[in-house]
Amino acid sequence: MNVPFANLPLNYTLHRQEYDEAVQKVMSHAQFILGPEVTSFEGNWARFCNTSHAVGVGSGTDALQLILRGLDIGPGDEVITVANTFIATAEAISYTGAKPVLVDCDLNTHLIDPQAVEAAITLRTKAILPVHLYGQPADMDTLSTIAERHGLALVEDAAQAHAATLADGRRCGSLGIAAGFSFYPGKNLGAFGDGGAVTSSNEALVARIRLLRNWGSVVKYHHEVQGYNSRLDTLQAAVLDVKLRHLERWTNLRRAAVASYRSQLHDCPALVLPAEASWTGVHAYHLLVIRLTDHDRDLVARQLGAQGIQTVVHYPVPIHLQKAYAELGQPRGSLPNAEKAAESILSLPLFPEITEEQITHVCTQLRQVLSRSPQART
Ligand SMILES: *Cc1c(COP(=O)(O)O)cnc(C)c1O
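Each value, and the rule that gives it
Residues numbered from 1 in each chain as written. Predicted model: local features only at pLDDT ≥ 70, side-chain atom pairs only at ≥ 80, totals over all residues. Heavy atoms only, no water. Pairing = 2+ DSSP bridges. Helix = DSSP H or I, 4+ residues; strand = E, 2+ residues; numbered from the N terminus. Right-handed = clockwise from strand over helix to strand, strands pointing away. Near = heavy atom within 4 Å. Polar contact = N/O pair within 3.5 Å; in protein donor to acceptor, adjacent residues only side chain to side chain.

A.B. asks: How should I be thinking about the pairing of strand E4 (residues 125–128) in this particular structure?
C.D. replies: Note on strand geometry: in a regular strand, side chains alternate between the two faces of the sheet. Alignment of strand E2 (residues 78–82) against E4, held across three bridges, turns out to be parallel. Residue pairing across strands places Glu78 opposite Thr125, the latter belonging to E4. When E4 meets strand E5 (residues 153–157), the two strands line up parallel, connected through two bridges. In the strand pairing of E5, Ala127 is matched with Ala153. The parallel pair E4 and E5, bridged by helix H7 (residues 140–150), forms a crossover whose chirality is right-handed.

Shown next as structure tokens:
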């Protein structure tokens, strides 16, 4: 049996008519840039996230960069984020000229450690950029308290957290001054290409980001500031409006799949299932990431692959150990939890349409692989 890591072609097949109609409508009216579907999706996405505004932009990376630019963060400033994230989080900071300051995660939740954040604050710190990693909210109440105490902006990297909530019901996207979402095709709400959005209820910041995404212009050929060309495509907005109608159901299906994985793996030795934090309401499970305690992760992945099971590692190298960030001069051993996680984590197949048979196949094979005695790392 084959179990792909995700299955976007199947999603298209199941909803082909809705997608085709939405896309054809845009092709007919031909307002490809900032057309009516962008305005419609922005309104729906803001409502969904419980914010006053959403601004559609070119990608999740741009969403984060434009928020930081909108907050006037630049050269000489520092922004604190976590080492175990996709590189875009750090790059969005670097693009502004500010320095990303990387801190460690909690090994239990893999989320940014608020104590490490507080310890990293300097006179240059301007913002904290927590990542709602794998679809689980960071410890936002603790982080808000720290941000307020030090007069810092709190910006969410919500690229993996569509529809996630805190235990009190507040949605990711509404938990800081602004949030950056990604609609990269593989995300829980994914377009048919690149796309992103900023959500915020701060009117002044939203106005600045609307300017920045469109060459600093409101009135055509009149430019208030030097901006960017970074708008959400009308075609993508049309697709996203269709997908948004299904997002809560798809999130529930992901959560049900994770519950099934849990029931089949809870007594399996040598693996740690993902922890749900006390502050988490809805974990959106963008990814189902387990940790292997005894076995060589890469060998396990290869053995599962031989059984037709596709797995991925999110992410194999923490940012401070990436060649691209050698400039930070942060040595191996400096962020032990992020480093330990990078060596031992494995993301299992998870998508709304995954079947019970597929989940059982993954669990059976995984149990079998882990029942063999651990081999030396290869
Ligand atoms: C996907 C992702 C991004 C970047 O989003 P793009 O739309 O690909 O630019 C940023 N941060 C995290 C945590 C992500 O997973």
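A.B. asks: Just to check I follow, could you spell out the site of the ligand for this structure?
C.D. replies: Taken together, 15 residues are adjacent to the ligand, and Gly60, Thr61, Asp157, Ser182 and Lys187 come closest. Thr61 has a polar side-chain atom sitting 2.5 Å from an oxygen atom of the ligand.

A.B. asks: I'm lost on unusual backbone geometry in this one. Help?
C.D. replies: Trans peptide bonds make up the majority, and among non-glycine residues the majority have a negative phi. For the peptide bond that leads from His314 to Tyr315, omega is 15°, which places it in the cis range. As for its placement among the helices and strands, Tyr315 is situated in the loop between helix H11 (297–306) and helix H12 (336–344). Of note in this structure, Asp72 is not a glycine but carries a positive phi near 65°. Looking at where Asp72 falls in the secondary structure, it is placed in the loop between helix H4 (60–70) and E2. The phi torsion at Tyr134 lies on the positive side, around 65°, for a residue other than glycine. Note on placement: Tyr134 falls in the loop between E4 and H7.

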